[in-house]
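Coordinate inspection notes
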Amino acid sequence: MTTARERQRAHQQELLTLLREQLSSLEITTVLIVDNTGQPCLEVVDRHFRIRRVYVQTAFHWFYWGDQLDERTSSLRLASAAKRISTAAREGWRQGEQEPLTVDLSKIVDAYRT
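Let us look at the structure shown here. (Residues numbered from 1 in each chain as written. Predicted model: local features only at pLDDT ≥ 70, side-chain atom pairs only at ≥ 80, totals over all residues. Heavy atoms only, no water.)

The 5 strands lie next to each other as E1-E2-E3-E4-E5, forming an open sheet whose pairing is antiparallel. Edge positions in the sheet fall to strand E1 (30-34) and strand E5 (72-74), since each of these pairs with one other strand and no more. The mean inter-strand angle of the sheet, taken between neighbouring strand axes irrespective of direction, is 25 degrees. Where strand E4 (residues 62-64) lies against E5, 3 bridges are found, and the strand directions are antiparallel. Directly across from Trp62, in E5, lies its bridge partner Ser74. Docked against the sheet, helix H1 (residues 4-25) engages E1, strand E2 (40-45), strand E3 (51-57) and E4, running at close to 20 degrees with respect to E2. The sheet contacts of helix H2 (residues 78-91) involve E2, E3, E4 and E5, and relative to E5 the element is tilted by about 160 degrees. (Pairing = 2+ DSSP bridges. Helix = DSSP H or I, 4+ residues; strand = E, 2+ residues; numbered from the N terminus. Axes fitted to C-alpha atoms, helices over the stretch in contact; angles between N-to-C directions. Contact = heavy atoms within 4.5 Å.)

Pasting the structure below:
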């Protein structure tokens, strides 16, 4: 029997595999890996040969590669997501370290309390 976490990881890997195929068709270099925390992700090379990791946030249906608003896109429309990520890679990733995406659920809860 598989756990919920195992099913989630399998779903993430499936989405990333499909995204990798789309990005490859757009001539973007990618490698599907599992990071040191056990998260599947795509390593995507930009025009300056810098690497960013693209992750899947399944609860919000996002692909993301940083913590900024313009560093995420919907995972529901794969072709659009691939185009968005390929555009970002062709323009070059923003300078600096890749920051992890954090979601403050208390802000969401507070918004519904008022």
